[in-house]
Amino acid sequence: QVQLVESGGGLVQPGGSLRLSCAASGSFFTIYGMGWYRQAPGKQRELVAGITSGGSTNYADPVKGRFTISRDNAKNTVYLQMNSLKFEDTAVYYCNARIRLPLHLEPGDYWGLGTQVTVSS
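Thresholds applied
- Residues numbered from 1 in each chain as written.
- Predicted model: local features only at pLDDT ≥ 70, side-chain atom pairs only at ≥ 80, totals over all residues.
- Heavy atoms only, no water.
- Disulfide = S-S within 2.5 Å.
- Helix = DSSP H or I, 4+ residues; strand = E, 2+ residues; numbered from the N terminus.
- Buried < 20%, exposed > 50% of the residue type's maximum accessible area, 1.4 Å probe, protein only.
- Phe/Tyr/Trp six-rings, centres within 6.5 Å; stacked < 30°, edge-to-face > 60°.
- Lys NZ or Arg CZ within 6 Å of the ring centre and 35° of its normal.

## Describing the state of the cysteines
Inference 1: On inspection of all chains with the given rule, the structure shows 1 disulfide.
Inference 2: Two residues, Cys22 and Cys95, share a disulfide whose sulfurs are 2.1 Å apart. Taking the sign of the S-S torsion, -80° for the link of Cys22 and Cys95, the bridge is left-handed. A residue pair is termed long-range when its members are at least 10 positions apart, and Cys22 in strand 3 (residues 18-26) and Cys95 in strand 9 (residues 91-100) qualify at 73 residues. Across the pair, Cys95 and Cys22 agree in class, each one buried.

## Some details on the packing of aromatic side chains
Inference 1: Taken as a whole and assessed by the stated rule, the structure comprises 1 aromatic pair.
Inference 2: Relative to Trp111, the ring of Tyr37 lies with its centre 4.9 Å away and its plane at 65°, an arrangement referred to as edge-to-face. Taken as a pair, Tyr37 in strand 4 (residues 30-39) and Trp111 in strand 10 (residues 108-111) lie far apart in primary sequence, 74 residues in all.
Inference 3: You can call Tyr37 partly exposed: its relative accessible area is 23%.
Inference 4: With a relative accessible area of 37%, Trp111 lands in the partly exposed category.
Inference 5: The ring of Tyr79 carries Arg19 above its face, with NZ or CZ at 4.1 Å from the centroid.

In structure tokens form, the structure reads like this:
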């Protein structure tokens with residue numbers, strides 16, 4: 001059983017910062033890519049940022065230059081540093097990881113339950 005547990009969400013004023021964390025636990029063989037998605041009310045879930053096991057990163061255009069994704073492979077944890085937050089960053093943020101389980105030939109996608117980020121004055 002694999003679990004992804006997010007933390008670090010909350011209420012912040014515009015221009016402020018938050019740091020999200022997501023730790024993977026359970027029995028797995030390999031964690032490949034990890035990433036953060038978000039879903040605002042009435043909108044579809046969208047990719048925010050992704051990072052490969054080797055550390056290559058990609059970002060959605062709205063967050064480039066403001067958000068930074070990183071990971072600690074020893075801790076099976078991915079982070080999202082969010083700076084210069086805007087009202088439109090308000091959403092539930094979900095952690096995603098592509099994980100291969102023992103005795104499985106192919107990896108699968110796993111999701112956390114989400115953490116709320118609210119940007120409000």
